[in-house]
Amino acid sequence: MSTDETQSQAFAAAYREHYWAVSRYVARRTAGRQAYDEVEEVVAEVFAVAWRRRAEHPSYSLPWLYGVARNCLANSVRGQGRRRRLLDRIGNHETAHGTHLVPSPGTDAPGSWVHEALGRLAATDQEVLRLTAWEELDVGELAVALGCGRSAAAMRLHRARRRLREQIDRMGMTVTQEGP
């Protein structure tokens with residue numbers, strides 16, 4: 001079997017094994033901001049990048065794919081920002097036509113204060129916390145997803161947790177810690 005066939009089979013296996021995990025990763029980070037088909041576009045781009053890089057990264061680990069997805073999401077967000085600025089310039093934005101929605105009072109979901117505290121953090125801190133909480137990555141896998149060493153990933157996680165705790169304290173929330 002040729003090297004290209006081996007790489008193609010490894011890619012196909014990774015696609016079957018990790019497609020839904022990558023889809024959930026993207027969907028959670030775009031909740032309320034993108035339509036389902038836009039999430040599919042980002043996921044398709046993730047696997048297109050993985051295909052193009054199959055020769056240099058033959059082991060398609062899930063943390064590596066999360067790192068690729070992070071970059072694809074960043075590109076998507078930048079593209080949406082450019083689109084939004086263009087629409088604002090040409091006056092064809094939904095606010096110009098009175099179709100924007102405003103949430104009613106008292107619509108806070110339970111635990112929304114956690115999302116509020118998380119939203120006050122830098123995007124890099126948010127991502128570190130989401131990778132460990134939502135994607136359940138350990139520090140070694142976090143390092144792969146972030147493209148850094150294990151020690152750097154552990155330090156980023158420690159600092160992100162500390163900053164989240166500070167935000168929660170600033171909000172005046174009381175949280176009981178579980179564990180030893």
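First things first, this report covers the structure right here in the doc. None of these values were measured; they are calculated from a predicted model.

## Examining the nonpolar core
So, point 1. Grouped together as the largest cluster of nonpolar side chains are 39 residues, with contacts concentrated most on Val22, Val26, Tyr66 and Leu131.
So, point 2. For this core, the secondary-structure elements that each account for two or more residues are α1 (3-29), α2 (36-52), α3 (62-90), α4 (112-119), α5 (123-133), α6 (139-146) and α7 (150-171).
So, point 3. It is α3 that provides the largest number of residues to this core, a total of eight residues.
So, point 4. Here leucine 131 is in contact with Tyr25, Arg29, Tyr66, Glu136, Leu137, Leu142, Ala145 and Leu146, once residues within four sequence places are set aside.

## Remarks on α1
So, point 1. At histidine 18, α1 is deflected by roughly 55°, the largest bend along its length.
So, point 2. Listed in full, the buried residues belonging to α1 are Gln7, Phe11, Ala14, His18, Tyr19, Ala21, Val22, Ser23, Tyr25, Val26 and Arg29.

## Side note on the pattern of salt bridges
So, point 1. For the structure shown, the criterion picks out eight salt bridges.
So, point 2. Between glutamate 116 and arginine 120 there is a salt bridge, with its nearest N and O atoms 2.8 Å apart.
So, point 3. Residue class for arginine 120 comes out partly exposed when judged on its relative accessible area of 42%.
So, point 4. The residue aspartate 125 makes a salt bridge to arginine 163 at a minimum N-O spacing of 3.0 Å. A residue pair is termed long-range when its members are at least 10 positions apart, and aspartate 125 in helix α5 and arginine 163 in helix α7 qualify at 38 residues.
So, point 5. On the accessibility criterion, aspartate 125 (7% relative accessible area) is buried.
So, point 6. Residue classification places arginine 163 among the partly exposed positions, given a relative accessible area of 30%.
So, point 7. Connected through salt bridges with shared partners, the residues Arg28, Arg29, Glu127 and Glu135 form a single ionic network.

Definitions and cut-offs
- Residues numbered from 1 in each chain as written.
- Predicted model: local features only at pLDDT ≥ 70, side-chain atom pairs only at ≥ 80, totals over all residues.
- Heavy atoms only, no water.
- Core = buried A, V, L, I, M, F, W, Y, C linked by side-chain atoms within 4.5 Å.
- Buried < 20%, exposed > 50% of the residue type's maximum accessible area, 1.4 Å probe, protein only.
- Helix = DSSP H or I, 4+ residues; strand = E, 2+ residues; numbered from the N terminus.
- Contact = heavy atoms within 4.5 Å.
- Bend = angle between axes of the 7 residues up to and from the residue.
- Salt bridge = Lys/Arg side-chain N within 4 Å of Asp/Glu carboxyl O.

Take it as geometry only, folks, not as evidence of what the structure does.
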